[in-house]
Amino acid sequence: MAGRLSLQEVDLSCPICCEIFKDPVVLKCSHSFCSQCLQEYWRQGRSRDCPLCRTQSLDDPVPSLTLKNLCESYIEESEGLGETGGELYCDPGEMCPLHGERLKLFCLLDKEAICVVCHTSKKHKQHDCCPVSEAVVDVKEKMKSALICLQEKKDAFDKMKKNYEDTVAYIQVQARFVERRTREEFEKLRSFLQAEEEARMDALKMEEEQRSRAMMKEIEKITRDITSVSESIRALEEEIALEGISVLHKCRKTLARSNCPIADPVMDPGALIDVAKYVGSLSFHVWEKMHKIVKYTPVTLDPNTAAPWLVLSDDLTSVCDSDEKQKLPDNPERYDPDTGVLGREGFTSGKRSWDVCVGDNTAWVVGVAKTSVQRKEKVSSVLKNGYLCVYFYHKMYFAGTSPLTRLNLKRNPQRVRVQLDCDKGRVSFYDPLDNTHIYTFKHAITERVFPYFWVGCQQCPLTVEPLEVSVKATEYC
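Residues numbered from 1 in each chain as written. Predicted model: local features only at pLDDT ≥ 70, side-chain atom pairs only at ≥ 80, totals over all residues. Heavy atoms only, no water.

The protein appears in an unreviewed UniProt entry as Tripartite motif-containing protein 35 Hemopoietic lineage switch protein 5 from Larimichthys crocea. The Subcellular location (unreviewed entry) field of the UniProt record for the protein holds the comment "Cytoplasm". In its Sequence similarities (unreviewed entry) section, UniProt records this for the protein: "Belongs to the TRIM/RBCC family." (UniProt positions renumbered as here; feature names shortened; annotations may be inferred.)

As structure tokens, then:
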């Protein structure tokens, strides 16, 4: 085959007869047709409209000399190809399966390519159509838009996959941290129990030795008494064996010695080890002493909510700001970019109280935050945004109302006590040094609230103060 001329043939073919133009004319809408084909189309009772775009044509069609010359040149070239065995080529996919005509139009209603004959059929007669070339351009634009959307979605999936992979690695880091902290705490408990066991064993051994020595002294004393009595018995037995007057000569001295008062042996009370003291409620008494090494804080900071710039202590009781952003998973619970962190446990009822050591911290916020607060955008931590807090910023104190309420305190508190009463809808703040009232929010608690901490100081952390704990047995009267 000499070559594929299908594209040139399409450009030089009449949309009505699908043949090379003969006496081509052009309408005002710029579509071209064979002069005879167009007149025949109009003679069939149709209005003077364009067979392709249906635009009304009031003016007579204008002959297209340029197109006529191109068609004549093409026919001459095609005849030359025919003499050498060449032939026109048309892809079968470009032909109408019903009419054998070239698919030159696109039905906008049925979304399919059709030929000119299809356009005049009952199925497509009243349908809006456009040239296939225009439809191809429109479809490609839609495909490009779809491609962009899919690419954006793929990028989002790639980003989330990376986040999941980072989260898997961070879960392992968390597990190792929990493992280390757990072993340290249990080692502390084991050390305490071992020291307590050794102390009790030493006390038991000391008491055993003391009481044994006391008994040995008593044994030595009674042994001497036994020897003395035994000698008196022997003397009496010897004198009883004598005969005659000699018994009378010795009896006075012997009887006097045998009548010497010797107290009857009696064991003193308290000689035995007080076993009950050692083993009675042993676990409870050890537990009683254990509270001296056990620290309890009413609020534990939740590292899964901490902003990447915050540094938390290993025991999760203190937090401070830093310059370096840690590489942490971007989980939904985490504050970012705001430098906030929540307590692990939330509350919907009852009363709670905790003290926060603010010390010389130069920028801090303490209070409670609702579950619904925004954590992925930087917002003002005020009441309308779901926070009930007090602030210290630029050496001034504020209550988080809208707008902020300036607080005039007589001194800078080193600690701030937060008292939450969910049932009454109260969040109060005090200076625990003398219980001076700082501020109280009166706001209904309709959703779970969490202890909230914001810090903007690197030198001085915010620390949740531990509570005094004790172990007591309940007595019934």
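Text resumes after the structure shown.
### Quick look at the layout of surface pockets
By volume, the largest pocket is sized at about 900 Å³. Lining of the largest pocket is provided by 30 residues; of these, Phe 177, Ser 313, Asp 314, Asp 315 and Leu 316 occupy positions nearest its centre. Here the element with the most residues in the lining of the largest pocket is helix α5 (residues 132-240); it accounts for ten residues. In terms of residue class, the lining of the largest pocket is built from 16 nonpolar, eight polar and six charged. Here the lining of the largest pocket gathers at least three residues from each of two domains, domain 2 (178-293) and domain 3 (310-465). (1 Å grid on protein atoms, 1.4 Å probe; cavity = no way out; pocket = protein on both sides within 12 Å on 5 of 7 lines; lining within 4 Å. Points joined across faces, edges and corners; volume = space filled by probe spheres on them. Helix = DSSP H or I, 4+ residues; strand = E, 2+ residues; numbered from the N terminus. Nonpolar A, V, L, I, M, F, W, Y, C, P; charged D, E, K, R; others polar. Domains from an automatic or database assignment.)

### Some points on helix α2 (residues 35-43)
For α2, every residue scored as buried is listed here: Cys 37, Leu 38, Tyr 41 and Trp 42. Mapping the buried residues of α2 onto a view down its axis gives an arc of 130°, with all of them on the same face. Projecting away from the buried face of α2 at angles above 90 degrees are the exposed residues Gln 36 and Arg 43. The secondary structure elements touched by the buried residues of α2 are β1 (24-26), β2 (32-34) and α4 (116-120). (Buried < 20%, exposed > 50% of the residue type's maximum accessible area, 1.4 Å probe, protein only. Arc of directions from axis to C-beta. Contact = heavy atoms within 4.5 Å.)

### A short note on the UniProt feature "domain: B30.2/SPRY" (unreviewed entry) in the protein
UniProt records the feature "domain: B30.2/SPRY" (unreviewed entry) at residues 279-471, using the numbering of this structure. Across residues 279-471, helical content stands at 5% and strand content at 34%; the span's end C-alpha atoms are separated by 18 Å.

### Digging into a nonpolar patch on the surface
On the surface, Met 216, Ile 219, Ile 222 and Ile 226 cluster together to form a nonpolar patch covering roughly 350 Å² of accessible area. Accessibility expressed as a relative area gives 46% for Met 216, which makes it partly exposed. (Patch = residues over 30% accessible without salt bridge, like charges linked within 9 Å, V, L, I, M, F, W, Y side chains within 5 Å. Areas by Shrake-Rupley, 256 points an atom, 1.4 Å probe, with all protein chains shown as cover. Salt bridge = Lys/Arg side-chain N within 4 Å of Asp/Glu carboxyl O.)

### Topic: the environment of Phe 157
Looking at the element boundaries, Phe 157 is found in helix α5. Taking the relative accessible area as the measure of exposure, Phe 157 reaches 56% and is therefore exposed. Along the backbone, Phe 157 and Asp 315 are 158 residues apart, and their C-alpha atoms lie at a distance of 36 Å.

### Focus: unusual backbone geometry
A cis amide bond, omega 20°, links Asp 336 with the succeeding residue Pro 337. Mapped onto the fold, Pro 337 is located in the loop between β8 (318-320) and β9 (340-342). Even without being a glycine, Cys 18 presents a positive backbone phi close to 60°. Among the secondary structure elements, Cys 18 is positioned in the loop between α1 (6-11) and β1. For Cys 18, a relative accessible area of 15% corresponds to the buried category. For Ser 281, which is not glycine, the phi torsion reads 50° and is therefore positive. Relative to the helices and strands, Ser 281 resides in the loop between α7 (275-279) and α8 (282-290).

### Some thoughts on the pattern of salt bridges
In this structure the tally under the stated criterion is 26 salt bridges. Note that Asp 158 is salt-bridged to Lys 154, the shortest N-O span being 3.0 Å. Here Asp 158 and its partner Lys 154 are both found in helix α5, four residues apart, which amounts to about one turn of the helix. By relative accessible area, which is 37% here, Asp 158 ends up partly exposed. By relative accessible area, which is 44% here, Lys 154 ends up partly exposed. Overlapping salt bridges, with partners in common, bring together Arg 180, Arg 181, Glu 184, Glu 185, Lys 188 and Asp 314 in one network.

### Section: the pairing of strand β10 (residues 351-357)
Relative to strand β15 (residues 415-421), β10 runs antiparallel, the two being bridged by seven bridges. Looking at the pairing, Cys 357 lines up with Arg 415 of β15. Two elements, β10 and strand β19 (residues 462-464), share two bridges in a ladder whose sense is antiparallel. From the neighbouring strand, Val 356 faces β19, where its bridge partner is Val 464. (Pairing = 2+ DSSP bridges.)

### Quick look at the confidence of the model for the protein
Residue-level pLDDT values for the protein average 87, and 91% of them are 70 or greater. Taken together, the stretch residues 1-7 has pLDDT below 50 and engages in ten contacts with residues farther than four places along the chain or on a different chain. In this model residues 84-88 is a low-confidence stretch, pLDDT under 50, and it forms seven contacts with partners more than four residues away in sequence or in other chains. (pLDDT = per-residue confidence, 0-100.)

### Some points on the packing of α5 against α8
Relative orientation of the contacting elements α5 and α8 amounts to 120°, with a least axis distance of 11 Å. Between α5 and α8, the interaxial angle falls into the category oblique. The two elements α5 and α8 cross, and the hand of that crossing is right-handed. Here α5 contributes Leu 189, Phe 192, Leu 193, Glu 196 and Arg 200 to the contact with α8, which in turn contributes Leu 282, His 285, Val 286, Lys 289 and Met 290. For the contact of α5 with α8, the per-class residue count stands at six nonpolar, one polar and three charged. (Axes fitted to C-alpha atoms, helices over the stretch in contact; angles between N-to-C directions. Parallel < 35°, antiparallel > 145°, perpendicular 65-115°, else oblique. Left-handed = near helix turned anticlockwise from the far one by under 90°.)

### Some thoughts on the pairing of strand β12 (residues 387-393)
Counted residue by residue, β12 has six buried out of seven residues, so it is predominantly covered. Pairing of strand β11 (residues 364-370) with β12, which is carried by six bridges, proceeds in the antiparallel orientation. Looking at β12, one finds that Val 365 is bridged to Tyr 391. Alignment of β12 against strand β13 (residues 396-399), held across four bridges, turns out to be antiparallel. Counterpart to Tyr 391 in the pairing with β13 is Phe 398.

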